[in-house]
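Here are the chains, one letter per residue:
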Amino acid sequence: MIPAQVIQRKRDGHGLTEAEIRDFILGFTRGEIPDYQMSALAMAVCFQGMTGEETMSLTRAMVESGETIQWNRGAPGGRALPFLADKHSTGGIGDKTSLILAPLMAAIGLRVPMVSGRGLGPTGGTLDKLESIPGYRTNLSLREVAELTDRVGCVITGQTAELAPADKKLYALRDVTATVSCLPLIVASIMSKKLAENVDGLVLDVKWGTGAFMKTRADSLALARAMVEVGQRYGKKVVALQTDMNQPLGRCIGNALEVRECLDILTGKLTSGDLLDVTLALGNEMLALAGVKVDLRATLASGAAWQKFCEMVVAQGGNPAAPLLVAKYLKPIPATKSGFVREIACDQFGYAVIALGGGRQKASDTIDFCVGFTDPKQRGDRVRAGEPLAVMHYNDAGKAAVAEQLVQQAYVIGDAPPPVLPLIVERIG
Ligand code: URA
């Protein structure tokens, strides 16, 4: 395989063979193919696309660039290990379903080894949220992931160096070569990490809208279909829900605030709302993949999911009884005019959290876990000028001034309510 020839063939719109893709990716992972050739191929893929077959080969090569988790499927006494499942969300503002879903599924008896990410652009990351719990470790080794999943029923941790290392290297290159927003590269990136977990079933939450990676319904549907196709061709049970991200999910945005909202659901203090609706929809899909029928609301009400959450936190070094950090100051952000909320540039809430110090502007930044927003007005809500659009939680007045402006600019207020958008748009798979 001559790398320049592979790049040239893709540049000219020809298909690549499985062997060409595998050798290129494995050569890149080992450092034999330099970054400039990998970047050139990534750009050629952006222009020419990939067939389903090629996307599958790329995903497989990225899985094979590292290790997969080896589960001890034959448990003592000849019992088979319970169904292993995971969920992936393409991310959004206030999207915190993982923190509820993993312990909820574990409480029912599924095993959930959830490998999650940090904030990406304006969207918050599950790992950053969990690290607002004092002591919580998100750097479990693969051996610990397998052991704790078996013992507790769920873990939520970060990607290890062994899982799909080609993706880690390629993603860093894509980030600086304008090749992130390319469907086959996104599919292979997301699916390789999930397939390396070696689970039986995967539920995908593919979001669309102003707070999502995919801004249109059509783009997010194409992504959902492509990911489901790869997963199914890999022999896994996979289903995707396309969900709305044109307004923040839930009532809290920001790391510790979002953990608090999840605890309210897990402890039964909060029993309704869009966050719970999406979480239950994803949970029911996971149960269907596992062939299990359980009333998820009853499981939540029993306290079993809360118990599992505490077990998981303790197993990962955290203290579930430790109080969550709170910000020094609260400020309602006033609406500048009266009317109905017609649109929310939802990603602006994410940038506002970053401006407050609750996300990273560069990889080395530390996070102020307690800042963020609560009770954001949602699409269709009626507001009067001066009424709060959201409540800001902050520690630094200078940063707060920037964040306040971002939130005010995010709201489009008009004379009539906007059309209602479905929370769960479509099921794919
Ligand atoms: N998330 C990923 O893990 N990879 C991408 O390419 C995009 C989003």
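Right, let's walk through the structure included here. (Residues numbered from 1 in each chain as written. Predicted model: local features only at pLDDT ≥ 70, side-chain atom pairs only at ≥ 80, totals over all residues. Heavy atoms only, no water.)

**Examining the overall build of the protein chain**
Looking only at helices and strands, the protein chain has 16 helices and 13 strands in total. Expected size for 429 residues packed as a compact globule is a radius of gyration near 22 Å; at 22 Å, the protein chain falls within 12% of this value. Oriented by its inertia axes, the alpha-carbon framework of the protein chain measures out at about 65 × 55 × 40 Å. Across the 429 residues that make up the protein chain, the buried fraction comes to 56%. Pairs at least 24 residues apart make up 79% of the contacts formed inside the protein chain by residues separated by at least 6 positions. When the accessible surface of the protein chain is split by element, carbon and sulfur atoms take 53% of a total near 17,400 Å². In the protein chain, the 46 positive side-chain charges and the 45 negative ones have mean positions that sit 2 Å from each other. (Helix = DSSP H or I, 4+ residues; strand = E, 2+ residues; numbered from the N terminus. Rg over C-alpha atoms; globule rule 2.2 N^0.38 Å. Buried < 20%, exposed > 50% of the residue type's maximum accessible area, 1.4 Å probe, protein only. Contact = heavy atoms within 4.5 Å. Areas by Shrake-Rupley, 256 points an atom, 1.4 Å probe, with all protein chains shown as cover. Lys, Arg positive; Asp, Glu negative; His and termini not counted. Charge placed at Lys NZ, Arg CZ, Asp CG, Glu CD.)

**A look at the sheet that holds strand β5 (residues 237–244)**
Pairing is mixed in the open sheet, where four strands are placed in the order β1-β4-β5-β13. The open sheet has two edge strands, β1 (85–89) and β13 (424–428), and neither has a second partner. Sheet twist, expressed as the average angle between the axes of neighbouring strands with direction ignored, equals 15 degrees. Sheet topology note: the β5/β13 ladder contains four bridges and is antiparallel. The residue bridging A240 from the neighbouring strand is I428, located in β13. (Pairing = 2+ DSSP bridges. Axes fitted to C-alpha atoms, helices over the stretch in contact; angles between N-to-C directions.)

**Points about the site of the ligand**
The environment of the ligand is made up of L120, Y171, R174, I186, S189, I190, K193 and F213. One of the side-chain nitrogen or oxygen atoms of R174 is found 2.9 Å away from an oxygen atom of the ligand. One of the side-chain N or O atoms of S189 is found 2.6 Å from a nitrogen atom in the ligand. Protein chains bury 89% of the 240 Å² of accessible surface belonging to the ligand in isolation. Broken down by element, the residue count for the shell around the ligand peaks at four residues, all from helix α9 (residues 183–195). In terms of residue class, the shell around the ligand is built from five nonpolar, one polar and two charged. (Near = heavy atom within 4 Å. Polar contact = N/O pair within 3.5 Å; in protein donor to acceptor, adjacent residues only side chain to side chain. Nonpolar A, V, L, I, M, F, W, Y, C, P; charged D, E, K, R; others polar.)

**Some thoughts on unusual backbone geometry**
Of note in the backbone geometry, A178 takes a positive phi value of approximately 55 degrees without being a glycine. The residue A178 is located in the loop between α8 (165–176) and α9 in this model.

**Observations concerning the pattern of salt bridges**
Across all of its chains, the model carries 25 salt bridges by this definition. Two residues, E32 and R30, come together in a salt bridge whose shortest N-O distance is 3.0 Å. For the residue pair E32 and R30, the accessibility class agrees, reading exposed in each case. As a salt-bridge pair, K193 and D167 come within 3.0 Å of each other at their nearest N and O atoms. In this pair, K193 sits in helix α9 while D167 sits in helix α8, placing the two residues 26 residues apart along the sequence. Given a relative accessible area of 23%, K193 falls into the partly exposed group. Here D167 falls in the buried class, since its relative accessible area comes to 2%. (Salt bridge = Lys/Arg side-chain N within 4 Å of Asp/Glu carboxyl O.)

**Let's talk about the nonpolar core**
Within the largest apolar cluster, 71 residues are counted, with the highest numbers of intra-cluster contacts made by M105, L300, F349, F373 and Y411. Take this core: its biggest share by element is 10 residues, from helix α12 (residues 274–290). By size, the runner-up hydrophobic cluster in this structure holds 22 residues, among which are I21, I25, F28 and C182. (Core = buried A, V, L, I, M, F, W, Y, C linked by side-chain atoms within 4.5 Å.)

**As for the sheet that holds strand β6 (residues 252–253)**
Taken together, four strands build an open sheet; the order of strands is β6-β9-β11-β7 and the sheet is antiparallel. Sheet topology places β6 and β7 (329–334) at the edges, where each strand pairs with a single neighbour. Bridging between β6 and strand β9 (residues 372–374) involves two bridges; their strand directions are antiparallel. Looking across to β9, one finds that I253 is bridged to F373.

**Observations regarding the packing of aromatic side chains**
Evaluation of the coordinates by the stated rule reveals four aromatic pairs. Between Y329 and Y394, the aromatic rings sit 5.3 Å apart at their centres with planes inclined by 35 degrees, giving tilted as the arrangement. One end of the pair, Y329, is in strand β7; the other, Y394, is in strand β11 (residues 388–394), with 65 residues separating them in the sequence. Note on Y394: relative accessible area 13%, which makes it buried. An aromatic cluster is present here, built from F349, F373 and Y411 joined pairwise through their rings. The side chain of K169 reaches across the aromatic face of F28, ending 4.5 Å from its centre. (Phe/Tyr/Trp six-rings, centres within 6.5 Å; stacked < 30°, edge-to-face > 60°. Lys NZ or Arg CZ within 6 Å of the ring centre and 35° of its normal.)

**What to know about the side chain of H393**
For H393, the location among the structural elements is in strand β11. What makes H393 buried here is its relative accessible area of 10%. The contact partners of H393, leaving out residues within four places of it in the chain, are L257, A327, Y329, L330, L356, C370, V371, G372, F373 and T374.

**A closer look at the pairing of strand β3 (residues 154–158)**
Across the five residues of β3, five count as buried, placing the element largely inside the fold. Neither face of β3 is exposed, since C154, I156 and G158 on one face and V155 and T157 on the opposite face are all buried. In the sheet, strand β2 (residues 112–116) pairs with β3 via five bridges, with the strands oriented parallel. Counted as the bridge partner of M114 is I156 from β3.

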